[in-house]
Amino acid sequence: MTSSISSQARFPRHFSFEFAAPKTDEALAKLEKTRARLQAVNPHFFSVTYGAGGSTRDGTRQAVLGIQAAGSAVAPHLSFGGDPSDKIADLLQDYAQAGINRVVALRGDIPSGTSGSGKLAYASELVTFIREQTGDHFHIEVAAYPEVHPDSASVESDVTYFKAKVDAGANSAITQYFYNAGAYFRYVEACAAVGVQIPIVPGIMPITNFASLVRFSDTCGADIPRWIRKHLEAYQNDPVSLKAFGEDVVTDLCQQLLDGGAPGLHFYTMNQSVPTLNLWRNLGL
Ligand code: FAD
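Residues numbered from 1 in each chain as written. Predicted model: local features only at pLDDT ≥ 70, side-chain atom pairs only at ≥ 80, totals over all residues. Heavy atoms only, no water.

**Student:** How would you sum up the site of the ligand? Please name residues and give values.
**Tutor:** Around the ligand lies a shell of 21 residues, among which Y50, D109, Y145, H149 and K165 are the nearest. Side-chain polar atom of H77 to an oxygen atom of the ligand: 2.9 Å apart, as the coordinates give it. One of the side-chain nitrogen or oxygen atoms of D109 is found 2.6 Å away from an oxygen atom of the ligand. Surface burial for the ligand is 85%, taken as the share of its 980 Å² of free accessible area covered by protein chains. When residues of the shell around the ligand are traced back to their parent elements, those giving at least two are α5 (155-168) and β6 (172-177). Considering every element that reaches the shell around the ligand, the biggest residue donor is β6, with three residues. Split by residue class, the shell around the ligand holds 10 nonpolar, seven polar and four charged. (Near = heavy atom within 4 Å. Polar contact = N/O pair within 3.5 Å; in protein donor to acceptor, adjacent residues only side chain to side chain. Areas by Shrake-Rupley, 256 points an atom, 1.4 Å probe, with all protein chains shown as cover. Helix = DSSP H or I, 4+ residues; strand = E, 2+ residues; numbered from the N terminus. Nonpolar A, V, L, I, M, F, W, Y, C, P; charged D, E, K, R; others polar.)

So, in structure tokens, the structure goes:
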């Protein structure tokens, strides 16, 4: 599948960088420095995550407005979480008034340790809500899962519910990270086969730490191929070799994706500039 050019190749390429919402003033200051370094390569936009259940609502808002004020395009992530609808409507108005015109609409996950009494609305409901509240003001991004979302009953239902987000008004999608290029190419063709016609940009997770990558991948359902896992295990006490290996593997992945027609890349920066800028340089972007 990777040898042919995917149907995604018809879309212009967009490159974007994601930050985790800061939870302290110190983290916010660090994020601003990282943004300034990453801005040097002129990404299409930055995005800032939204803590499950609205836990980072203020941190996300503060970071997003700061990035916008610094002159960089930014897309806040958003989910209903435990919030009443009018709170989300207010947030959308704030963002629109600040000149922000792109959001990433998500269901989010119930944070462990909470009562779970909040509303966990599917992302398609949020997309519908955003369109009802703000018409066509926002370009709406949604999440996509080439290796199948952990809650999905089947590959088919995963694609069906992804299409529901597009039918509700999503303009483009960013994928969960993966290390199997073939999963992405098969996924985008499965989406095309059911009539999905939006850009689906691969999410790229740099590899810098074995333990945290394994922990996170187990939670979000991203597969770390055995051969990668074995190499990383071997480098557990050798961070320099681990990072060099990780950079090599992820550079190859990105190159395969771009060669196969992926419409850009979305980097999960982990609020660090160096891993993403190294990949950027290796790819000659
Ligand atoms: P949905 O699209 O609603 O799908 C969730 C699951 O429900 C899927 O299995 C889907 O197939 C199924 N489903 C959907 N609709 C229906 C239906 N009507 N009936 C039955 N099943 C249905 N999480 C955060 O908390 N904050 C973030 O900022 C954040 N940013 C992210 C950014 C990206 C690019 C990605 C890929 C993920 C991000 N996540 C974030 C994680 C995301 O919130 C989780 O993966 C979450 O479990 C699903 O969110 P979703 O928007 O994909 O959900």
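Back to the write-up after that little detour.
**Student:** So, the pairing of strand β7 (residues 200-204): which residues are in play, and what are the values?
**Tutor:** With five of its five residues buried, β7 lies for the most part within the structure. Bridge analysis of β6 against β7 gives three bridges, and the strand direction is parallel. Bridging across to β7, A173 finds its partner in I200. Crossover handedness for the path β6 to helix α6 (residues 181-193) to β7: right-handed. Sheet topology places β7 next to strand β8 (residues 264-268); two bridges connect them, and they run parallel. Paired with G203 across the bridge in β8 is H266. (Buried < 20%, exposed > 50% of the residue type's maximum accessible area, 1.4 Å probe, protein only. Pairing = 2+ DSSP bridges. Right-handed = clockwise from strand over helix to strand, strands pointing away.)

**Student:** Before we move on, could you go through the layout of surface pockets and cite the residues and values that matter?
**Tutor:** Taken as a whole, the second largest pocket encloses approximately 170 Å³ of empty space. Around the second largest pocket sit P206, I207, T208, K243, G246, E247, V250, Q272, V274, P275, N278 and L279, which together line it. Only α9 (239-259) and α10 (274-283) provide two or more residues apiece to the lining of the second largest pocket. Residues that form the lining of the second largest pocket fall into these classes: six nonpolar, four polar and two charged. (1 Å grid on protein atoms, 1.4 Å probe; cavity = no way out; pocket = protein on both sides within 12 Å on 5 of 7 lines; lining within 4 Å. Points joined across faces, edges and corners; volume = space filled by probe spheres on them.)

**Student:** Let's hear about empty space enclosed by the protein: which residues, and what values?
**Tutor:** Applying the stated criterion to the full structure yields two cavities of 30 Å³ or more. Reported here for the largest cavity is a volume of approximately 40 Å³. When its residues are assigned to classes, the lining of the largest cavity shows six nonpolar, two polar and one charged. Its volume calculated, the second largest cavity comes out at about 30 Å³. In terms of lining, the second largest cavity is formed by S7, Q8, R10, F11, V188, C191, A192, V196, Q197, I198 and I200. For the lining of the second largest cavity, the element with the most residues is α6, which contributes three residues. For the lining of the second largest cavity, the residue count by class is seven nonpolar, three polar and one charged.

**Student:** Can you tell me about the nonpolar core, naming the residues and giving the values?
**Tutor:** The nonpolar side chains of a soluble globular protein tend to be buried, and buried together. Core analysis: the biggest nonpolar cluster contains 79 residues, and F162, Y179, I200, I204, L257, L265 and F267 have the highest contact counts within it. With eight residues, α9 is the single largest residue contributor to this core. If we skip the residues at most four places from it in the chain, I200 touches Q8, A144, F162, A173, T175, Y184, Y187, V188, C191 and P263. (Core = buried A, V, L, I, M, F, W, Y, C linked by side-chain atoms within 4.5 Å. Contact = heavy atoms within 4.5 Å.)

**Student:** Describe in detail the packing of aromatic side chains, supporting the description with residues and values.
**Tutor:** Taken as a whole and judged by the stated rule, the model has 15 aromatic pairs. With 5.3 Å between their ring centres and 75 degrees between their planes, Y184 and F185 make a pair best called edge-to-face. Measuring from centroid to centroid gives 6.0 Å for Y235 and F245, while their planes differ by 50 degrees, and the two rings are tilted. With a gap of 10 residues between them, Y235 in the loop between α8 (226-234) and α9 and F245 in helix α9 connect regions that are remote in the sequence. We classify Y235 as partly exposed; its relative accessible area is 26%. Of the aromatic side chains, those joined through ring pairs into one cluster are F15, F17, F19, F46, F267 and W280. (Phe/Tyr/Trp six-rings, centres within 6.5 Å; stacked < 30°, edge-to-face > 60°.)

**Student:** Would you mind going over the environment of G195 in detail, with residue names and values included?
**Tutor:** Among the secondary structure elements, G195 is positioned in the loop between α6 and β7. C-alpha separation for the pair G195 and R107, spaced 88 residues apart in sequence, amounts to 23 Å.

**Student:** I'd like a rundown of the pattern of salt bridges, residues and numbers included.
**Tutor:** One pass over the structure, following the stated rule, counts nine salt bridges. Here R102 and E141 are joined by a salt bridge, their closest N and O atoms 2.5 Å apart. With a gap of 39 residues between them, R102 in strand β4 (residues 102-105) and E141 in strand β5 (residues 139-144) connect regions that are remote in the sequence. Overlapping salt bridges bring together R107, D109 and D151 as one network. (Salt bridge = Lys/Arg side-chain N within 4 Å of Asp/Glu carboxyl O.)

Functional significance is not addressed by these values, which are geometric in nature.
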